[in-house]
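# Breakdown of the fold
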Amino acid sequence: MKLTEAQFAHLVVAHQDGTLSNEEKATLEAYLLHNPELAFDLEGYAPLSLPTSHIDLKPMLRSEFENIAIYQSENGHPYEKLAIGSFEGLLSNEDAKIEALLDSDASYLQVKAQIHQTQLHPDDELGFPDNNLLLKNAPVRSINWKSYATIVSSAAAVILVSLLIAKFGSTDSRLMSKPIKQAQLVKTKKSSAQNEIVQINQIKKEDPQTILSTDQEWQLLSYAYPQLLELGPDTQKVLVTQSNLVLTEEITPEITSNINLAQSNSSAFHKEPITMKAFLIQKTNERLFGTAKPSSENKLETLARYAKESVGIPVAYKVEEAQNQDKLVFQLGPITIEKSRTRK
Amino acid sequence: MTVQQYNQCVKEFADRLYRFALKNVGDVDLAQDFVQDAFERLWMKVDTVDYNRVKSYLFRTVVNLQIDRARRQNLQNQHLSTLPNPVQDPGVAHDVKKLIDDGVAQLTEIQRMVLTLRDFEGYSYQEIAELTELSVDQVKVYIFRARRFLKQYIGKMEVLI
């Protein structure tokens, strides 16, 4: 049934005035069967939407409808709420009892049938045009970066620490902080232990600051100054000064004239005598960094280069300066190592 | 998930995803794009997605794609549906199924989505809530409104016809 808005308004007014004819009343009821929400929303129309055969239930249902719990905050006719709630399986026991009272109500059954019609059914004939577009043949190849990064970072850390220890182990801050002083290097003879002790005591007596060398130190010194090897085992005492190697006269007087061999060598040490260890450190620095007194930047740069060449991963570093503290940031491939350094 | 399992998912869910997407966006090309996109994303994460949860993953992906699309359209101040309004062309709607289809096109994006998830795939309210990131109460209300609208739409159209 189709009613225009003007026709519907006319029927509403006639109903409110009590002048609705039987024919108009039937028209209005038929219309409201299809639009029950209008009957409920407009005061005084709900009775019209209920079939006359169930007129006895009306007063009871009207009060029951007030208590419908399902979709309480939503607008809508109670029939719709009950029908949708029933269709969705959401009715409470109380709501189900109310619905049971409407089991044979034609209007409710019609609403219920309409709600059932709202169920969507997929069209099984419809399908994705070409599943082959989605299928895959090749196995998935992906790299588990997490475990890879863990291994690499561990290896890099170990290598880095090894390099630090191997290359910079001698640059102990305690040694570096020692005051530079004159030192004497003594090559002790091994021919006679007794003779050696006597010599040591004698030298120490002459100069308490004398440093007795070990064979290892002697070899290192000889490496730095090959001329010493030519002096042979008779060389017993060597004075290391700025740029000179001086054999003490009292022990090897016959060859002191041949000394100053190192004078021709360019060296970083020009003014002050140094300890044997400091001397070795400086020679090592020359070998490693190309200068006897490398700056921190030079050390870091060299360290990064060594790491890069030995580990085979890109290594970079940078120094982030703060007020009292510098932060060294090593970038080992995907790994970042940070170390704070208090500024002196 | 193995390649075989992935391909099994394609056979099992591609059509269902397509029907779901098509019903919601009303555009064949767009629906195909959504399905392809969903499976591409699955393939990218094939190592990490649990085979038993693939269906949820795929539908959630399509739901998100639809939501993204709706947001973009909102930004462009366009209506979500550009389908012809059946109320203005009653002669086309000649059966209930056609009426329902036209009515569904009139629903809001989210109502259409939860209703198709409910009816097409039989998802529970809880599952729909998880897929769409809504609360269960919201899902319940959206479905109620959608069914009420469709019911009224069918009734009005039948009266008009």
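In this report, we go over the structure that sits alongside the text. Keep in mind that what you see is a predicted model, and the values were worked out from it rather than measured.

### Section: the overall build of chain A
A count of helical and extended segments in chain A gives 15 helices and 7 strands. Counting only residues that meet the buried cut, chain A has 37% of its 344 residues in that class. Looking at chain A alone, contacts between residues at least 24 apart form 48% of all its contacts between residues at least 6 apart. Here chain A displays about 20,500 Å² of accessible surface, and carbon together with sulfur accounts for 52% of that area.

### Section: the interface of chain A and chain B
With 41 residues of chain A in contact, the opposing surface of chain B contributes 42 residues. In total, about 4,000 Å² of surface goes out of reach between chain A and chain B, with carbon and sulfur atoms giving 63% of it. On the surface where chain A and chain B come into contact, there are 5 salt bridges. Residue R147(B) pairs with E88(A) through a salt bridge whose shortest N-O separation is 2.5 Å.

### Here's the deal with the pattern of salt bridges
Tallied over the full model, the rule gives 17 salt bridges over all chains. Residue E99(A) pairs with K112(A) through a salt bridge whose shortest N-O separation is 2.9 Å. Highlighted residues: E99(A) in helix 7 (residues 93-101) and K112(A) in helix 8 (residues 106-117), separated in sequence by 13 residues. Residues E121(B) and R16(B) are paired through a salt bridge, measuring 2.6 Å at the closest nitrogen-oxygen approach. Taken together, the residues span a long stretch of sequence, with E121(B) in helix 5 (residues 109-121) and R16(B) in helix 1 (residues 3-25) at a distance of 105 residues. When its relative accessible area of 12% is taken as the criterion, E121(B) is described as buried. Given a relative accessible area of 26%, R16(B) falls into the partly exposed group. Bridged by salt links that share partners, the residues E88(A), R118(B), D119(B) and R147(B) form one connected network.

### Structural notes on the pairing of strand 6 (residues 325-332) of chain A
Residue and element names in this part refer to chain A. With 7 bridges joining them, strand 5 (residues 315-321) and strand 6 adopt antiparallel strand pairing. Bridge pairing in strand 6 links K318 to V329. Between the end of strand 5 and the start of strand 6, which pair antiparallel, lie 3 residues. Bridging between strand 6 and strand 7 (residues 335-342) involves 8 bridges; their strand directions are antiparallel. Paired with Q325 across the bridge in strand 7 is T342. Hairpin geometry of strand 6 and strand 7 is characterised by an intervening segment of 2 residues between the two adjacent antiparallel strands and by a positive phi of about 60 degrees at G333.

### Remarks on the nonpolar core
Within the largest apolar cluster, 68 residues are counted, with the highest numbers of intra-cluster contacts made by F39(B), L42(B) and L117(B). The element that contributes the greatest number of residues to this core is helix 1 of chain B, accounting for 12 residues. Viewed by domain, this core spans two of them, domain 1 (1-75) and domain 2 (77-161) of chain B, each represented by three or more residues. Listed in part, the 14 residues of the second largest apolar core include V152(A), L160(A), L303(A) and A307(A).

### Observations regarding the packing of aromatic side chains
Scanning all chains against the criterion turns up 8 aromatic pairs over all chains. Here Y71(A) and F144(B) contribute two aromatic rings whose centre-to-centre distance is 4.1 Å and whose plane-to-plane angle is 25 degrees, an arrangement assigned as stacked. Linking Y71(A) in the loop between helix 5 (58-65) and helix 6 (78-88) with F144(B) in helix 7 (residues 136-160), this pair reaches from one chain into another. Through successive ring pairs, a cluster of aromatic residues spans Y6(B), F39(B) and W43(B). One Lys or Arg, K55(B), reaches over the ring of Y123(B) and ends 4.7 Å from the middle of that ring.

### What to know about the packing of helix 5 of chain B against helix 6 (residues 125-132) of chain B
All names here are of chain B. Orientation of helix 5 relative to helix 6, taken along the N-to-C sense of each, is 135 degrees, at an axis distance of 10 Å. As far as their axial angle goes, helix 6 and helix 5 are oblique. Between helix 5 and helix 6 lies a crossing of right-handed hand. Residue-level inspection shows M113, V114, L117 and R118 of helix 5 in contact with helix 6, the latter providing Y125, I128, L131 and T132. Of the residues that constitute the contact of helix 5 with helix 6, the class distribution is 6 nonpolar, 1 polar and 1 charged.

Reading the values: rules and limits
- Residues numbered from 1 in each chain as written.
- Chains lettered and ligands numbered in written order.
- Predicted model: local features only at pLDDT ≥ 70, side-chain atom pairs only at ≥ 80, totals over all residues.
- Heavy atoms only, no water.
- Helix = DSSP H or I, 4+ residues; strand = E, 2+ residues; numbered from the N terminus.
- Buried < 20%, exposed > 50% of the residue type's maximum accessible area, 1.4 Å probe, protein only.
- Contact = heavy atoms within 4.5 Å.
- Areas by Shrake-Rupley, 256 points an atom, 1.4 Å probe, with all protein chains shown as cover.
- Buried area = accessible area lost by both parts, 1.4 Å probe.
- Salt bridge = Lys/Arg side-chain N within 4 Å of Asp/Glu carboxyl O.
- Pairing = 2+ DSSP bridges.
- Core = buried A, V, L, I, M, F, W, Y, C linked by side-chain atoms within 4.5 Å.
- Domains from an automatic or database assignment.
- Phe/Tyr/Trp six-rings, centres within 6.5 Å; stacked < 30°, edge-to-face > 60°.
- Lys NZ or Arg CZ within 6 Å of the ring centre and 35° of its normal.
- Axes fitted to C-alpha atoms, helices over the stretch in contact; angles between N-to-C directions.
- Parallel < 35°, antiparallel > 145°, perpendicular 65-115°, else oblique.
- Left-handed = near helix turned anticlockwise from the far one by under 90°.
- Nonpolar A, V, L, I, M, F, W, Y, C, P; charged D, E, K, R; others polar.

Any functional reading would require information that these geometric values do not contain.
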